Amino acid sequence: MQTQARVQHSSAFAPQHAAAAAAAAAAAPAPVVEVEHVSKRYGERVAVSDVSFSIAPGQVVALVGPNGAGKSTLVEIMVGLRRADRGRVSVFGSDTADPRRPYAARIGVQLQQTGFFPSLTARDYLRFFQRVYPRSVDLDQLVRELDLGRFLDQRMNKLSGGQRQRIALALALVNDPDFIILDEPTVGLDPIARRAFWQLLRRVHGDGARTLLFSTHYMEEAEALASHVLMLAHGRILAAGPIRDVVAAAGSAAATLDDAYTALVGMEQGTLV
Ligand code: ADP
Ligand code: MG
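Residues numbered from 1 in each chain as written. Chains lettered and ligands numbered in written order. Predicted model: local features only at pLDDT ≥ 70, side-chain atom pairs only at ≥ 80, totals over all residues. Heavy atoms only, no water.

Participant: Account for the sheet that holds strand S9 (residues 211–216), with residues named and values stated.
Facilitator: Taking strand neighbours across the sheet as the criterion, the six strands line up as S7-S8-S9-S4-S10-S11 in an open arrangement whose pairing is mixed. The open sheet has two edge strands with one neighbour each: strand S7 (107–110) and strand S11 (236–242). Along the sheet, successive strands turn relative to each other by an average axial angle of 10 degrees, direction set aside. For strand S4 (residues 60–64) and strand S10 (residues 228–233), the ladder comprises four bridges, and the chain directions are parallel. Looking across to S10, one finds that Ala62 is bridged to Val229. Running at roughly 135 degrees to S4, helix H2 (residues 71–78) makes contact with S4, strand S8 (179–183), S9 and S10 of the sheet. (Pairing = 2+ DSSP bridges. Helix = DSSP H or I, 4+ residues; strand = E, 2+ residues; numbered from the N terminus. Axes fitted to C-alpha atoms, helices over the stretch in contact; angles between N-to-C directions. Contact = heavy atoms within 4.5 Å.)

Participant: So, the environment of Val32: which residues are in play, and what are the values?
Facilitator: Within the secondary structure, Val32 is located in the loop between helix H1 (18–27) and strand S2 (33–42). Given the relative accessible area of 3%, Val32 is considered buried. With 59 residues separating them along the chain, Val32 and Val91 place their C-alpha atoms 5.7 Å apart. Once residues lying within four places of it in the same chain are set aside, the contact partners of Val32 are Ile55, Ala56, Pro57, Ser90, Val91, Phe92, Phe179 and Thr211. (Buried < 20%, exposed > 50% of the residue type's maximum accessible area, 1.4 Å probe, protein only.)

Participant: Report on the site of ligand 1, specifying residues and quantitative values.
Facilitator: The full set of residues close to ligand 1 is Tyr42, Arg45, Ala47, Pro66, Asn67, Gly68, Ala69, Gly70, Lys71, Ser72, Thr73 and Arg82. Measuring from an oxygen atom of ligand 1, one finds a backbone N or O atom of Ala69 at 3.1 Å. Gly70 has a polar backbone atom sitting 3.0 Å from an oxygen atom of ligand 1. Its free accessible area being 560 Å², ligand 1 has 65% of it covered by the protein chains. Counting only elements with at least two residues in the shell around ligand 1, the list comes to strand S3 (45–55) and H2. Sort the elements by how many residues they give to the shell around ligand 1 and H2 lands first, with three residues. (Near = heavy atom within 4 Å. Polar contact = N/O pair within 3.5 Å; in protein donor to acceptor, adjacent residues only side chain to side chain. Areas by Shrake-Rupley, 256 points an atom, 1.4 Å probe, with all protein chains shown as cover.)

Participant: Break down H2 for me, with residues and values.
Facilitator: Where burial is concerned, most of H2 is hidden: eight out of the eight residues are buried. One or two residues past the end of H2 sits Gly80, with phi positive at roughly 85 degrees.

What follows is the structure, given as structure tokens:
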């Protein structure tokens, strides 16, 4: 992930000369998503303020920040469900303001609230989603990979939170997307279900075969799964980059992402009170 935020990439690997910088830029793969100076207000309330970053193919990015930080708004803008007031977002090289949404077939999205009809089953949902997309994975294989078989034919209102989250993940994968965006996918899961979900996400990532962005309140989860972190508060980026760089930039007292989060978000909230 590249960003213009406070925390920069470790300089040890940064090109030192203009020629080296040009060579590195030429060799870099095209970003999956590029967010440039994006801002969004709801009336007087600022939800996202001048946010810029990019995500390279194969990265796993954890989007963290307190409630109201602007995570969901940013996710919705990135997938083209909300319009930014200012700035620009491109996904796979297409501007998300383009109403044809040419990138839509290549992304899989799980929004924060997945409202399921209580009387339908996972099988109903999977079949419906399969018909909606021009490209679809083999559903039997998806069911096997996500281990949905045991509850495939039960009504949604009979399922546990963990089972519903797995179905929501499956629906985000029906079109075999290259970029998967999950807004708080493990909220409400017990520790065992959460760890099982991590295993699923690792399998979905396939060692870099896909690019993943997920938001979470759990720093332990971000550290366990993500290569990079994007830390937001009050709509602004506090820190972004490889996890160890963000931890290092938070000061010598920070040993974990949880320490860095407490230091950076705490400082931000303290300065605004
Ligand atoms: P997060 O996902 O990090 O909790 P959100 O993006 O949901 O943050 O919210 C960012 C800010 O925008 C919050 O102050 C929230 O109250 C406000 N907000 C979000 N959605 C709406 C909306 N539809 N109308 C008005 N305000 C909203
Ligand atoms: Mg949210």
